[in-house]
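Residue-level structure breakdown
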There are 2 protein chains.
Amino acid sequence: MKNLAIVVAGGSGTRMGAAVPKQFLPLCGKPVLMHTVEAFASVPGMRVVVVLPESQIGTWEALCRQHGFCAPAEVVAGGASRHQSVRNGLAMWSGEELIGVHDGVRPLVSATFIESVYADASRFGTSIPVLPSVESVRLVGLDGASRSVDRSSVMMVQTPQVFRSSILLDAYRQPESPLFTDDASVVEANGGEIHLSEGLRGNIKLTTPADMLMAEALMRKA
Amino acid sequence: MKNLAIVVAGGSGTRMGAAVPKQFLPLCGKPVLMHTVEAFASVPGMRVVVVLPESQIGTWEALCRQHGFCAPAEVVAGGASRHQSVRNGLAMWSGEELIGVHDGVRPLVSATFIESVYADASRFGTSIPVLPSVESVRLVGLDGASRSVDRSSVMMVQTPQVFRSSILLDAYRQPESPLFTDDASVVEANGGEIHLSEGLRGNIKLTTPADMLMAEALMRKA
């Protein structure tokens with residue numbers, strides 16, 4: 001059994017306030033994206049495709065040489081949006097049973113966790129890792145007014161989001177919509193049912209310098 | 001002008017997997033709650049009331065002696081729920097203009113940030129610090145089915161939540177409801193309008209051991 005992982009790394013790093021795109025920032029001596037790719041490449045039967053902005057592919061290849069990085073990962077150029085980038089990754093599909101899409105800037109994902117999310121997708125067709133929110137949440141309407149929502153109903157969504165291949169490929173044939181915030185929402189808009197799995201607390205998305213500090217601290221303890 | 005801060009520390013530490021309640025866990029050599037109290041006590045004109053489970057008041061007093069902690073904070077016993085605990089804190093009100101309620105386990109709050117949230121409340125009547133969610137969000141219904149929501153509409157709510165005193169005191173006269181997840185929701189249920197302010201990225205709520213690591217890393221850099 002062969003599965004596919006599409007690791008999407010499209011960030012330009014503006015929120016990090018850094019000149020380097022966040023997927024290339026060093027984390028315990030190695031670019032963020034290498035940690036992410038390694039986690040997936042270490043799962044038996046996993047084929048890894050990395051989607052990067054075309055302008056960053058040269059940098060990535062240079063970093064790989066510099067670090068002697070040899071985890072097997074194919075690279076494809078991304079598109080103008082995350083949606084287009086995932087689509088470019090999907091074009092690499094060659095019959096794998098399951099396809100997972102993962103944020104390149106979630107390097108703390110573990111092989112064990114990846115395997116469990118894929119196992120759920122194999123069983124249920126889809127597998128979306130979530131964790132309950134620890135903070136209260138408000139929803140803001142188009143008029144700017146906000147309302148509180150029952151916190152117990154709020155789930156924070158992580159990646160990898162994993163799908164039986166036919167489900168995801170079919171969903172991505174839809175035209176792009178601003179309502180697509182992640183792959184689950186694309187599948188959902190196509191009439192697919194979403195199965196929720198348990199997320200991994202440390203599997204954070206690195207968006208700010210504070211997140212980098214936390215990631216370093218977590219990696220050192222792991 | 002005198003303002004009141006009610007710092008609520010009711011946790012038992014079960015999610016931390018620690019025997020010690022999380023508000024007493026050491027952070028850079030000092031219990032979490034002392035960092036929190038210090039931030040508020042350093043704001044000019046701020047009166048600080050700490051609400052603790054009755055069973056923990058002795059431990060807190062012993063910790064204060066042990067650390068030579070002398071930031072001025074009155075202590076009152078909490079109730080059976082967070083709502084009851086806030087109510088017990090509100091009973092200490094003695095005419096202050098504004099009342100803020102803060103999670104005891106958000107020790108990374110800064111004096112500058114506290115002042116800005118209180119300033120907004122003075123102007124708008126209420127001030128609730130929020131930050132946009134960096135993760136996708138799903139809402140789970142009573143039937144267990146979930147749906148994605150437009151991420152740009154989702155705001156993660158922090159503390160302190162600050163109110164003109166009459167607004168908060170009046171709202172807390174309502175009977176407790178399971179829909180009250182924070183003080184903003186109590187005021188809202190009473191017909192109050194909620195003004196959103198900009199949250200502080202590092203002002204995290206410490207709920208897991210990973211959060212403790214992040215907090216230590218952030219404090220060392222600060």
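Refer to the structure printed above.
Criteria and cut-off values
Residues numbered from 1 in each chain as written. Chains lettered and ligands numbered in written order. Predicted model: local features only at pLDDT ≥ 70, side-chain atom pairs only at ≥ 80, totals over all residues. Heavy atoms only, no water. Axes fitted to C-alpha atoms, helices over the stretch in contact; angles between N-to-C directions. Helix = DSSP H or I, 4+ residues; strand = E, 2+ residues; numbered from the N terminus. Parallel < 35°, antiparallel > 145°, perpendicular 65-115°, else oblique. Contact = heavy atoms within 4.5 Å. Nonpolar A, V, L, I, M, F, W, Y, C, P; charged D, E, K, R; others polar. 1 Å grid on protein atoms, 1.4 Å probe; cavity = no way out; pocket = protein on both sides within 12 Å on 5 of 7 lines; lining within 4 Å. Points joined across faces, edges and corners; volume = space filled by probe spheres on them. Least-squares fit on C-alpha atoms with pLDDT ≥ 70 in both. Buried area = accessible area lost by both parts, 1.4 Å probe. Salt bridge = Lys/Arg side-chain N within 4 Å of Asp/Glu carboxyl O. Phe/Tyr/Trp six-rings, centres within 6.5 Å; stacked < 30°, edge-to-face > 60°. Buried < 20%, exposed > 50% of the residue type's maximum accessible area, 1.4 Å probe, protein only.

1. Notes on the packing of helix α1 (residues 32-41) of chain A against helix α2 (residues 57-66) of chain A
All names here are of chain A. Contact pair α1 / α2: the axes reach a minimum separation of 11 Å and the direction vectors enclose 75°. Accordingly, the angle class assigned to the pair α1 and α2 is roughly perpendicular. Where α1 approaches α2, its residues L33, M34 and V37 are matched on the opposing element by W60, L63 and C64. Considered class by class, the residues forming the contact of α1 with α2 number 6 nonpolar, no polar and no charged.

2. Brief notes about the layout of surface pockets
Once rolled over the atoms, a probe with the size of a water molecule shows which space is left empty. Reported here for the largest pocket is a volume of approximately 800 Å³. Taken together, 39 residues line the largest pocket, and the ones lying closest to its centre are A:R151, B:R82, B:D103, B:T181 and B:K205. Among the elements of the structure, β4 (46-52) and α3 (82-90) of chain B are those that each provide at least two residues to the lining of the largest pocket. Broken down by element, the residue count for the lining of the largest pocket peaks at 3 residues, all from α3(B). Tallied by class, the residues present in the lining of the largest pocket amount to 11 nonpolar, 17 polar and 11 charged.

3. Re the relation of the copies chain B and chain A
Take chain B, turn it by 180°, move it 0.0 Å along the axis, and it overlays chain A with an RMSD of 0.0 Å. Here the transformation between the copies is reduced to the relation of a two-fold axis. If distances are taken from each C-alpha of chain B to the rotation axis, the shortest is found for B:M214, at 2.1 Å.

4. Focus on the interface of chain B and chain A
With 39 residues of chain B at the contact, the number on the chain A side is 39 residues. Interface of chain B and chain A: buried area, both sides summed, is about 3800 Å²; carbon and sulfur atoms make up 59% of it. Its largest share of buried area at the contact with chain A, chain B owes to B:E135, B:R138 and B:L213, together 17% of the area lost on that side. The residue B:E135 makes a salt bridge to A:R106 at a minimum N-O spacing of 2.8 Å.

5. Looking at the packing of aromatic side chains
Residues and elements named next belong to chain A. One pass over the full model with this rule turns up 4 aromatic pairs over all chains. Arranged with centres 5.9 Å apart and planes meeting at 65°, the rings of W60 and F69 form a pair that is edge-to-face. By relative accessible area, which is 3% here, W60 ends up buried. The buried category is assigned to F69, whose relative accessible area is 14%. Site record: aromatic cluster; members linked through ring pairs are F24, W60 and F69.

6. Looking at the packing of helix α1 (residues 32-41) of chain B against helix α2 (residues 54-66) of chain B
All names here are of chain B. For the pair α1 and α2, the least separation of the axes is 11 Å and the interaxial angle reads 75°. By the angle class used here, α1 and α2 are roughly perpendicular. Note on element contacts: α2 touches α1 through W60, L63 and C64, opposite L33, M34 and V37. Considered class by class, the residues forming the contact of α1 with α2 number 6 nonpolar, no polar and no charged.

Just geometry here; none of it tells us what the structure is for.
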